[in-house]
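One-letter residues, chain by chain:
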Amino acid sequence: MISPTTRRLAITATVTVALLLTGCSTTPAEPDAPAGTAAGFGHVHGIVDAGDSTVLLGTHTGLYTLGEDGTVTGPVGGIDLDAMGLTATGDTLYASGHPGPSTPAELGAPNLGIIRSLDAGASWEPVAFTGEEDFHVLTVTGDGTLYGIGSSRLLLRTSSDGGQSWADGAELPAVDLAAATDGTLYAATQDGLQHSTDGGATFTPAPDAPVLYLVETDPTGGVVGVDTDGTLRRLVVMSREVVESADGWGSDGGVVPVMIVEVHPGG
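Rules of the game
Residues numbered from 1 in each chain as written. Predicted model: local features only at pLDDT ≥ 70, side-chain atom pairs only at ≥ 80, totals over all residues. Heavy atoms only, no water. Helix = DSSP H or I, 4+ residues; strand = E, 2+ residues; numbered from the N terminus. Buried < 20%, exposed > 50% of the residue type's maximum accessible area, 1.4 Å probe, protein only. Contact = heavy atoms within 4.5 Å. Areas by Shrake-Rupley, 256 points an atom, 1.4 Å probe, with all protein chains shown as cover. Pairing = 2+ DSSP bridges. Axes fitted to C-alpha atoms, helices over the stretch in contact; angles between N-to-C directions. Phe/Tyr/Trp six-rings, centres within 6.5 Å; stacked < 30°, edge-to-face > 60°. Polar contact = N/O pair within 3.5 Å; in protein donor to acceptor, adjacent residues only side chain to side chain. Salt bridge = Lys/Arg side-chain N within 4 Å of Asp/Glu carboxyl O.

A. Representation of the overall build of the protein in the model. Counting secondary structure elements, the protein contains one helix and 21 strands. A buried classification covers 48% of the 267 residues belonging to the protein. Pairs at least 24 apart in sequence give 37% of the contacts found in the protein among residues at least 6 apart. As presented, the protein carries roughly 12500 Å² of accessible surface, and 53% of it is formed by carbon and sulfur atoms.

Structure (structure tokens):
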């Protein structure tokens, strides 16, 4: 049985794939946006489940909300920042990217560094690397630990105090990061999924994992990812051991639209 958390991850990942593929499409014709729907926000950099049947979209022109009925509104707070690396823990949002023409100057330029919002994106405050760095890859754990890789160097940076101080970790060409509740850090790289159990100091390849370009974890210990064919895959991790069935990864063998095939002990 698919849990509510897993189902939300599936929905979010499906929306991610659809929006990313739309953003990469070369098809010129697009239907007019219906009333109450924002248009022209460009491509989607990141998606956060707001937990109230609303999804937050980090886009090239700000943060937008996607309602359960498909209505998109924004930019939230009227802030037109290029929201890269959007991630959240509880009611706290973190992001990076670049300022737009009317983005508040205190957030930094030409790069935002790491910024934080405590009011669902209505306002933002600078946290670290203001004006210096653009973090395309950023994630935060439930206890507030931040992991990020900036665009200037493929170096994992870690902060356990909300961005006040930072430690350098491994050199890693990752396109996405996700942290599990047991502290394991997963990284999607061109050489396949890698994981770290020492806070990002070192990484090792995950056995038999497919090449993923999006990766997420859930509170049950599961790992969800989207591979380069657009297939959503889920790996169940129990007591830090991979529960294997075939290659240990479940998939529907298809492309978008996608679904989760759960992997259980005994296949």
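What follows picks up the thread again.
B. Inspection of the sheet that holds strand E17 (residues 212-217) at higher detail. Read across the open sheet, the three strands follow the order E17-E18-E19; overall the sheet is antiparallel. Only two strands of the sheet have a single neighbouring strand rather than two, namely E17 and strand E19 (232-235). On average, each strand axis in the sheet is tilted by 25° relative to the strand beside it, whichever way the strands run. Examined bridge by bridge, strand E18 (residues 223-227) and E19 share four bridges and lie antiparallel to one another. By the bridge assignment, Gly225 is partnered in E19 with Arg233.

C. Structural detail: the packing of aromatic side chains. Applying the stated criterion across every chain, the model contains three aromatic pairs. Considering the side-chain rings of Phe129 and Phe135, the 5.4 Å spacing of their centres and the 50° angle between planes classify their relative orientation as tilted. Its relative accessible area of 0% is what places Phe135 among the buried residues.

D. Looking closely at the environment of Gly78. By the element assignment, Gly78 lies in the loop between strand E4 (72-73) and strand E5 (82-89). Residue classification places Gly78 among the exposed residues on the basis of a relative accessible area of 51%. The sequence separation of Gly78 and Thr61 amounts to 17 residues, and the corresponding C-alpha distance is 9.8 Å.

E. Layout of the side chain of Thr217. By the secondary structure assignment, Thr217 is in strand E17. Among the polar contacts listed, one links the side chain of Thr217 to the backbone oxygen of Ala179, at a separation of 2.8 Å.

F. Up close: the pattern of salt bridges. On inspection of all chains with the given rule, the structure shows four salt bridges. The salt bridge partner of Arg153 is Glu171, with a shortest N-O separation of 2.8 Å. Here Arg153 is found in the loop between strand E10 (146-150) and strand E11 (155-159), whereas its partner Glu171 is found in strand E12 (residues 167-171), with 18 residues between them in sequence. The class for Arg153 is partly exposed, based on a relative accessible area of 42%. According to the relative accessible area criterion, Glu171 is partly exposed, its value standing at 47%.

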